[in-house]
Amino acid sequence: MKLNVFIVIKEIFVLCIALLFAACGSGNKLHEHDNELAKLSLDAFAEVNIHTPLSIEKLNAAAELFLGTHDFAAFKAAGSKAETTVRTIFLSRWSRDGDCIVYDVAGSGFLYNMVRIMVGTMLRIGQGYDDISKLRHALECPRRENAGDTAPAHGLTLWRIEYPEFDTEDLLLRNFLL
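Let me begin by describing the structure that accompanies this report. (Residues numbered from 1 in each chain as written. Predicted model: local features only at pLDDT ≥ 70, side-chain atom pairs only at ≥ 80, totals over all residues. Heavy atoms only, no water.)

1. Focus on helix α3 (residues 56–65)
Inclusion rule: A simple rule labels every residue: compare its accessible area, found with a 1.4 Å probe on the protein chains alone, to the largest value its type can have, and call it buried under 20%, exposed over 50%, or partly exposed in between. In DSSP terms, a helix is any run of H or I states spanning at least four residues, a strand is any run of E spanning at least two, and both are numbered starting from the N terminus. Our arc is simply the arc of the directions from the helix axis toward the C-beta atoms. A contact between two residues is defined here by any heavy atoms of the two lying within 4.5 Å.
Residues I56, L59, A62 and A63 constitute the buried set of α3. Buried residues of α3, seen end-on, are gathered within an arc of 125° and therefore sit on one face of the element. In α3, the exposed positions angled more than 90 degrees off the buried face are occupied by E57 and E64. In this structure, the buried residues of α3 make contact with β4 (86–97), β5 (100–107), α4 (114–126) and α5 (132–140).

2. Examining the environment of G79
Relative to the assigned elements, G79 resides in the loop between β3 (68–71) and β4. Here the alpha-carbon distance between G79 and Y112, two residues 33 residues apart in the chain, equals 9.4 Å.

3. Some words on the packing of α3 against α5
Definition in use: Where helices are involved, their axes are fitted lines through C-alpha atoms of the stretch in contact, as for all axes, and angles between N-to-C directions lie from 0 to 180°. Roughly parallel covers angles under 35 degrees, roughly antiparallel covers those over 145, roughly perpendicular covers 65 to 115, and oblique covers all other angles. Note on convention: near helix rotated counterclockwise from far helix by under a right angle means a left-handed crossing. Clockwise means right-handed. Classes in brief: Ala, Val, Leu, Ile, Met, Phe, Trp, Tyr, Cys and Pro nonpolar; Asp, Glu, Lys and Arg charged; the others, Gly included, polar.
As a packed pair, α3 and α5 sit with axes 10 Å apart at the nearest point and diverge in direction by 15°. Accordingly, the angle class assigned to the pair α3 and α5 is roughly parallel. Crossing geometry of α3 relative to α5 is assigned as right-handed. Here α3 contributes A61, A62 and L65 to the contact with α5, which in turn contributes I132, L135, R136 and L139. A class-by-class count of the residues in the contact of α3 with α5 yields 6 nonpolar, no polar and 1 charged.

4. A few points about the pairing of β5
Successive residues of a regular strand alternate their side chains across the two faces of the sheet. Put simply, the rule reads: Pairing between two strands requires that DSSP report at least two bridges joining them.
Along β5, 8 of the 8 residues are buried, which leaves the element largely enclosed by surrounding structure. Side chains of β5 alternate between two faces, with C100, V102, D104 and A106 and I101, Y103, V105 and G107 buried alike. Bridge count between β4 and β5: 8 bridges; the pairing is antiparallel. Counted as the bridge partner of L91 is A106 from β5. Linking β4 back to β5 in an antiparallel pair, the connection comprises 2 residues, with G98 at a positive phi of about 65°.

5. A short note on the pattern of salt bridges
Spelled out, the test is: Each reported salt bridge corresponds to a side-chain nitrogen of Lys or Arg within 4 Å of a carboxyl oxygen of Asp or Glu.
Evaluated as defined, the whole model comprises 4 salt bridges. K134 is paired through a salt bridge with D130; the nearest N and O atoms lie 3.7 Å apart. Residue K134 is classed as partly exposed on the basis of its relative accessible area, which comes to 29%. Of the charged contacts, one joins E145 and R143 as a salt bridge, the two residues approaching to 3.0 Å between their closest N and O atoms. Among the charged side chains, a network of salt bridges with common partners joins R124, D130 and K134.

6. Digging into the packing of α3 against α4
Viewed as axis vectors pointing N to C, α3 and α4 meet at an angle of 140°, and their least axial separation amounts to 8 Å. Compared by their axis directions, α3 and α4 come out oblique. Both α3 and α4 take part in a crossing whose hand is right-handed. Taken together, the residues of α4 that come into contact with α3 (itself represented by K58, L59, A62 and A63) are M122, L123, I125 and G126. Taken together, the residues that form the contact of α3 with α4 break down as 6 nonpolar, 1 polar and 1 charged.

7. A closer look at the nonpolar core
Defined as follows: For this analysis, a nonpolar core means a set of buried residues of the types Ala, Val, Leu, Ile, Met, Phe, Trp, Tyr and Cys, connected via side-chain atoms within 4.5 Å.
F66, F72, F75, W94, Y103, M118 and M122 are the most contacted members of the largest nonpolar core, which has 31 residues in total. Elements supplying a minimum of two residues to this core: α3, β4, β5, α4 and α5. Considering each element in turn, this core owes the most residues, 8 residues, to α4. When near neighbours in sequence (up to four residues on either side) are disregarded, M118 contacts F66, F72, F75, Y103 and V105.

In structure tokens form, the structure reads like this:
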């Protein structure tokens, strides 16, 4: 019997611009806003430091292209054994949190390294190294060589998993905050 389960996974990348490293990279600054649970899992090591200027406008223009249902074959790691590479992205946006830039993404599921490759591709666009047309091409012709670099893993945090009858946020609230 095959279960039809709707999964929403939200993954977060926290980036710090190098010139502002001191403000972001020390202590236990909370990088995910509007959620006290972030204090349980995020610290100064859950960020990536970027040494060149980033355009948040270019990052968000690129992030919008991921919304909807696409073949994400260009955004999977080599050797992936996924039966299908089609995924739906419900949320894809960059925002500022003080001196940091945060990427939020939620989708029906993710391929191995998919979010890291998405972020690596968008970073090159945000830094001005690549044009947004490269991302469009990777979505239209989904081969790995059409996407950008793989961003480092240490900036990636799995924040929440939701099923119709299960939510990790509810589990954390019951077990850790009561």
